[in-house]
Every structure is written in C-alpha cells, then in structure tokens.
Amino acid sequence: MKKISVMFILPDLETGGAERIVTTIANHLSRDRFEPKILLLRKQGGYLKLLKDDVEIIDVNTERIRHSLKPILREIYRRKPDIVFSGYGEVNAYLSLFIKLFPKTKFIARETNVVSEHVTRKEIKFFYNFYNNYQRIIAQSDDMMKDLTKNFKIKPNKIIKINNPVDFDFINEKLMDSKKPECFKYNYKNVVAIGNLSGRKGFDNLLKVFSRLKNENVLLHILGDGKDREMLHHMKEFLGLKNVIFHGRQDNPYQFLKYADLFILSSRYEGFPNVLLEAGACGTYSLANNCPGGINEIIQNQVNGEVSEIDNHEDFSQKIMSILHQSYDKDAIKNSIKSRFSKDIILDRYEKVLIDLMSK
C-alpha cells in the first residue's frame with residue numbers, strides 16, 4: 001500500500017500550542033500508512049529536539065510569513081504531497097487563495113484561535129474569503145466552529161472538530177525527576193499562570209485580581225515571555241505586588257504545575273488551551289476565565305476546575321481564596337483529562353480525517 005505523504009506547515013517549532021500539536025501528530029502518525037514531513041519557514045525552536053528522526057524537515061529559511069508564500073508553493077509543486085496540513089492561522093489564510101493550483105493535493109487547515117477575536121488586520125481577513133477552498137478545516141472547539149460558520153461563511157460540512165491531544169507519556173517523563181521549585185514558599189499557597197505575555201492572555205487582569213490578595217499568604221508565579229513583559233513588570237511595581245513573581249520562559253513548566261495549589265487561565269480568548277489540559281494532566285485544579293475557546297469543554301465543574309468572570313476582580317479573587325481552602329482529588333483531575341483528551345484518542349481522529357480525505 002502506498003503511504004500517504006503529509007506535509008505539515010508551520011513558521012517554526014518554538015514552544016507554542018500549534019507547534020506542540022503538530023510535533024505530536026507528526027511523531028505519532030502510523031508509519032505503515034503515513035509519511036510525515038514538516039515545512040518550516042525557519043528551522044528553529046525547542047520542539048526540534050523532540051521530533052522523531054524519520055520526520056523530514058524542509059527549511060525554506062524566510063523570516064516573514066508574507067514572504068514565505070512563494071517558497072511554500074514551490075515546495076508543494078516540487079514534492080507533490082498527497083495532503084498539505086497547514087497548522088498556523090496566518091499561513092492558512094494566505095495559502096487558501098492558491099489551493100486550486102494543486103488539484104491533486106488535498107488541503108487541511110487547522111485553526112489555532114477564534115478567528116474573529118484573533119485576526120484584526122484587514123489584509124489577512126480578506127483571505128478568509130477563500131477559506132472554503134480547503135477540503136477540511138479542523139476547529140478545536142465548538143466556539144471556533146460557530147465563529148467560522150457565522151462570521152466567515154465557512155460551509156459546516158468542511159469543518160471537523162478535533163480537540164487538542166495531551167501527551168501523558170511526555171508529561172510524566174518531565175515530572176519523573178521534578179522537584180518542588182525553590183521559589184514555592186513554605187506556609188504559602190502557590191498559584192501558577194502560564195502563557196505568552198500579551199494582551200490576549202489577560203495577565204493585566206490577573207495582576208488587578210492579585211492586588212486584592214496582598215494580605216493573603218498566596219504567591220502568584222507567572223511563566224512566559226512576550227511583548228508586554230515590561231508593561232506587566234511596571235504594573236506589578238505600581239500595584240505593589242510583592243506576592244507576584246515573573247519567571248520568564250521555563251524548559252520544564254510541568255514541575256510548577258505539579259506542585260501548584262491552583263492553576264489560573266486568565267485569557268481573554270483561546271483556541272483550545274493546551275496549558276489548561278496540561279495542568280489537569282499534572283493533577284492540578286484550575287480556575288479559568290469564562291472566555292471563548294473551548295474552556296467549558298475542558299472544565300468539568302468542581303472535578304478538574306471551575307470557570308469564573310475575571311473582569312469582576314473582587315469576585316475572582318474571592319473564588320481563588322475559596323478554592324485554596326479546599327482540597328481536590330488529583331487522580332480524578334488527571335482522569336477527567338485522560339478519558340477525553342489523551343493522545344491516543346485524539347490521534348485516532350486525526351488519522352481518520354487524513355484517510356477519509358484520501359478516499360474522496
């Protein structure tokens with residue numbers, strides 16, 4: 001049987017959600033049926049070292065996404081893959097216009113966010129007029145599906161919902177030698193938040209919430225980096241938040257999640273937040289802002305977490321304290337995630353989509 005060649009497209013393999021998912025899919029597709037390759041605009045990023053040796057990397061070596069279109073199209077024309085799987089919103093948008101140039105190749109786009117919330121530039125929005133050229137569009141949550149059909153007139157029969165997978169083997173390996181972080185103070189409750197330091201992640205709101213908890217024995221540990229770093233550091237100083245610590249990007253965030261008393265997701269919108277899944281995989285209870293992007297599909301109320309409105313800073317701060325005064329079943333939290341989002345369950349769905357597409 002001829003193997004199905006799948007070309008995944010990403011800007012790079014930096015340690016973000018889309019990159020993690022594509023790495024997981026490429027690594028675990030059945031090698032009896034599939035031949036995965038990853039085309040990168042820049043061959044860089046922390047996930048390169050996690051990629052299996054038999055996944056070919058195609059490096060087109062361009063800095064900007066808008067300049068990458070010609071080399072991407074050239075590689076598709078030259079290699080003639082059976083399936084092109086574009087895994088990054090902006091690349092998906094640009095590529096949609098050119099799909100009809102390749103009638104023998106099937107094209108899949110995996111959306112990474114609720115598009116109407118995330119895409120603000122008019123020139124990128126324009127390309128969504130051609131999104132129906134894709135044979136399949138993978139949405140991670142009901143919110144994303146509704147957004148695509150309602151705001152971008154995507155045909156519902158083109159959209160398939162597949163939630164993100166959680167690689168428990170990878171996480172458990174990272175946790176095996178994990179020790180409690182030295183910054184976790186004794187006699188304090190330790191709360192963790194993780195994400196890119198940008199407006200969409202809502203860390204400004206989280207700092208305002210913690211300004212109401214100055215007199216409590218609670219530390220907030222924020223992991224991540226990004227363009228709002230300086231502004232958030234100034235905000236921390238202005239609000240006098242000695243109980244907030246910025247740790248920057250961490251190679252092993254799982255040790256923070258494992259020993260945390262609570263994980264907080266403060267985002268204004270999401271795609272389908274991997275970090276919320278990973279907190280659950282570490283057995284850590286979560287409190288999430290009630291925002292678009294599959295939050296209510298992940299959180300099983302009072303089993304693996306709760307949902308609240310972070311814009312109401314006072315209520316959210318009280319909710320934090322209420323949760324920290326209780327204890328939760330770590331195994332029940334892990335099972336809540338494993339039974340619905342484990343790698344094997346989700347990758348079976350991806351393989352089915354790829355095989356079904358080739359039979360049409």
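Source: prediction; values computed, not measured.

Focus: the nonpolar core
Grouped burial of nonpolar side chains is what soluble globular proteins tend to show.
Point 1. Leu39, Ile72, Ile76, Leu95, Phe107, Tyr128 and Tyr134 are the most contacted members of the largest nonpolar core, which totals 35 residues.
Point 2. Setting aside anything within four residues of it in sequence, one finds Tyr128 in contact with Gly89, Ala93, Glu111, Val115, Val119, Phe152 and Ile154.

Concerning unusual backbone geometry
Negative phi is the rule for most residues except glycine; trans is the rule for most peptide bonds.
Point 1. With a phi angle near 55 degrees, Asn61 is a residue other than glycine that sits in the positive phi range.
Point 2. Its location among the elements puts Asn61 in the loop between strand E3 (56–59) and helix H2 (69–79).
Point 3. The backbone of Gln302 sits at a positive phi, close to 65 degrees, despite the residue not being glycine.
Point 4. With respect to the helices, strands and loops of the structure, Gln302 is situated in the loop between helix H12 (295–298) and strand E13 (305–308).

Some words on the side chain of Glu75
Point 1. With respect to the element layout, Glu75 can be found in helix H2.
Point 2. Among residues more than four places away in sequence, those in contact with Glu75 are Met7, Leu39, Ile58, Val60 and Lys80.

Considering the pairing of strand E9 (residues 218–223)
Point 1. Where burial is concerned, most of E9 is hidden: 6 out of the 6 residues are buried.
Point 2. Sheet topology places strand E8 (residues 189–194) next to E9; 6 bridges connect them, and they run parallel. For Asn190, the partnering residue across the bridge sits in E9 and is Leu219.
Point 3. The parallel pair E8 and E9 is bridged by helix H8 (residues 203–210), and the resulting crossover is right-handed.
Point 4. Of the strand pairs in this sheet, E9 and strand E10 (residues 244–248) are connected by 4 bridges, and their pairing is parallel. By the bridge assignment for E10, His221 is matched with Ile245.

Some details on the sheet that holds strand E1 (residues 4–10)
Point 1. Read from one edge of the open sheet, 7 strands run E3-E2-E1-E4-E5-E6-E7, paired in parallel fashion. Of all strands in the sheet, those with a lone pairing partner are E3 and strand E7 (159–161), marking the two edges. Each adjacent strand pair in this sheet contributes to an overall mean axis angle of 25 degrees, direction not counted.
Point 2. With 4 bridges connecting them, strand E2 (residues 34–40) and E3 associate as parallel partners. Bridge assignment links Leu40 to a residue of E3, and that residue is Asp59.
Point 3. Helix H1 (residues 17–28) contacts E1, E2, strand E4 (83–86) and strand E5 (106–110) of the sheet and is inclined by roughly 165 degrees relative to E1.

Cut-offs applied
- Residues numbered from 1 in each chain as written.
- Predicted model: local features only at pLDDT ≥ 70, side-chain atom pairs only at ≥ 80, totals over all residues.
- Heavy atoms only, no water.
- Core = buried A, V, L, I, M, F, W, Y, C linked by side-chain atoms within 4.5 Å.
- Buried < 20%, exposed > 50% of the residue type's maximum accessible area, 1.4 Å probe, protein only.
- Contact = heavy atoms within 4.5 Å.
- Helix = DSSP H or I, 4+ residues; strand = E, 2+ residues; numbered from the N terminus.
- Pairing = 2+ DSSP bridges.
- Right-handed = clockwise from strand over helix to strand, strands pointing away.
- Axes fitted to C-alpha atoms, helices over the stretch in contact; angles between N-to-C directions.

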